[in-house]
Amino acid sequence: DTAVSQTPKYLVTQMGNDKSIKCEQNLGHDTMYWYKQDSKKFLKIMFSYNNKELIINETVPNRFSPKSPDKAHLNLHINSLELGDSAVYFCASSQGLQETQYFGPGTRLLVL
Amino acid sequence: AQSVTQPDIHITVSEGASLELRCNYSYGATPYLFWYVQSPGQGLQLLLKYFSGDTLVQGIKGFEAEFKRSQSSFNLRKPSVHWSDAAEYFCAVTPVSGGYNKLIFGAGTRLAVHP
């Protein structure tokens, strides 16, 4: 059973489009995260939700909007996609704010 | 500001040789420390973590890491590398206090293994 899953695994789209990436965890965790990994493999946190409440919002363009319908899901919607948004986006979850984070397989986004 | 430095961008070792990947952090207090591995095209897998206690921690796949407070280091080691260990290795830290569990990653070290 996959603990943290993401859909889609690959996403190729045109500049200006709007797209969503979904994340689900079946670990019973109450905290979820989105990280971005750029072309140089550098990983940086974007958002974190604890019990459906936004607690971390790094310096991310407001074209990116996370949504957490329940504790098991954290989706990422991106408006007006730009070339620079091409990256791998990782979802993660943890039980509580100080515990180990477990990562999903990543969504590889390519904006043409 | 908190930061994590992995001085070696790329390391190549022969299969069966020992391995040490370096990690230094900059933070006001001892943070929680982690090593993750990313195989090509895959997600991140936790190798090991240090929260407190014994400064030598054992992880999966035969890896271990030693926390040295005086050097602000958390180096990853393996006595005998296998070809399947070829991957990208990330050191990460998170603050102990503050209520925010924000992983700060190093730039990663790419490990290549020669047969």
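Look a little higher up for the structure.
Residues numbered from 1 in each chain as written. Chains lettered and ligands numbered in written order. Predicted model: local features only at pLDDT ≥ 70, side-chain atom pairs only at ≥ 80, totals over all residues. Heavy atoms only, no water.

Visitor: Help me understand the state of the cysteines, please; the structure alone is not making it clear to me.
Guide: One way to say it: the disulfide is the covalent bond shared by the sulfur atoms of two cysteines. Residue and element names in this part refer to chain A. Tallying each qualifying case throughout the model produces two disulfides over all chains. The side chain of Cys23 participates in a disulfide bridge whose partner is Cys91; the two sulfur atoms lie 1.8 Å from each other. With the S-S dihedral at roughly -75°, the linkage between Cys23 and Cys91 falls on the left-handed side. Taken as a pair, Cys23 in strand E3 (residues 19–25) and Cys91 in strand E9 (residues 87–94) lie far apart in primary sequence, 68 residues in all. Take Cys23 and Cys91: they sit in the same class, and that class is buried. (Disulfide = S-S within 2.5 Å. Helix = DSSP H or I, 4+ residues; strand = E, 2+ residues; numbered from the N terminus. Buried < 20%, exposed > 50% of the residue type's maximum accessible area, 1.4 Å probe, protein only.)

Visitor: Got a minute to help me understand the sheet that holds E3(A) in this structure?
Guide: The strands making up a sheet associate through backbone hydrogen bonding, with each pair oriented either parallel or antiparallel. Residues and elements named next belong to chain A. In spatial order, the strands read E1-E3-E8-E7; together these four strands make up an open sheet with antiparallel pairing. With one partner strand each, in any of the chains shown, strand E1 (4–7) and strand E7 (64–70) form the two edges of the open sheet. When the angles between neighbouring strand axes are averaged without regard to direction, this sheet yields 20°. Where E7 and strand E8 (residues 73–78) come together, five bridges link them in antiparallel fashion. Pairing of Lys67 across the sheet is with Asn75, part of E8. (Pairing = 2+ DSSP bridges. Axes fitted to C-alpha atoms, helices over the stretch in contact; angles between N-to-C directions.)

Visitor: For this particular structure, what's the right way to read the interface of chain B and chain A?
Guide: Bring the parts together and some accessible area is lost; that lost area is often taken as the interface size. The interface of chain B with chain A comprises 24 residues on the first partner and 22 residues on the second. Together, the buried faces of chain B and chain A total about 1,900 Å²; carbon and sulfur atoms form 53% of this surface. Looking at the side of chain B facing chain A, the largest losses of area belong to Leu44(B), Asn101(B) and Phe105(B), adding up to 29% of the total buried there. Linking chain B to chain A there are one salt bridge. In this structure, Lys102(B) and Glu58(A) form a salt bridge, with 3.5 Å as the shortest nitrogen-oxygen distance. (Contact = heavy atoms within 4.5 Å. Buried area = accessible area lost by both parts, 1.4 Å probe. Salt bridge = Lys/Arg side-chain N within 4 Å of Asp/Glu carboxyl O.)

Visitor: Even after reading the chapter, I still don't get the layout of surface pockets, so can you show me in this structure?
Guide: One simple way to see leftover space: roll a probe sized like a water molecule over the atoms. Of the pockets and cavities examined, the largest pocket occupies roughly 240 Å³. In terms of lining, the largest pocket is formed by 15 residues, of which the most central are Phe42(A), Lys44(A), Gln2(B), Ile104(B) and Phe105(B). Broken down by secondary-structure element, the contributors of at least two residues to the lining of the largest pocket are strand E5 (43–50) of chain A together with strand E1 (3–5) and strand E11 (104–105) of chain B. Here the lining of the largest pocket gets three residues from one element, more than from any other, and that element is E5(A). Of the residues contributing to the lining of the largest pocket, the split by class is nine nonpolar, three polar and three charged. When its volume is computed, the second largest pocket comes out at roughly 200 Å³. Considering the residues around the second largest pocket, the lining is formed by 13 residues, among which Lys36(A), Lys44(A), Met46(A), Thr59(A) and Val60(A) are closest to the centre. Top element by residues in the lining of the second largest pocket is E5(A). It accounts for three residues. (1 Å grid on protein atoms, 1.4 Å probe; cavity = no way out; pocket = protein on both sides within 12 Å on 5 of 7 lines; lining within 4 Å. Points joined across faces, edges and corners; volume = space filled by probe spheres on them. Nonpolar A, V, L, I, M, F, W, Y, C, P; charged D, E, K, R; others polar.)

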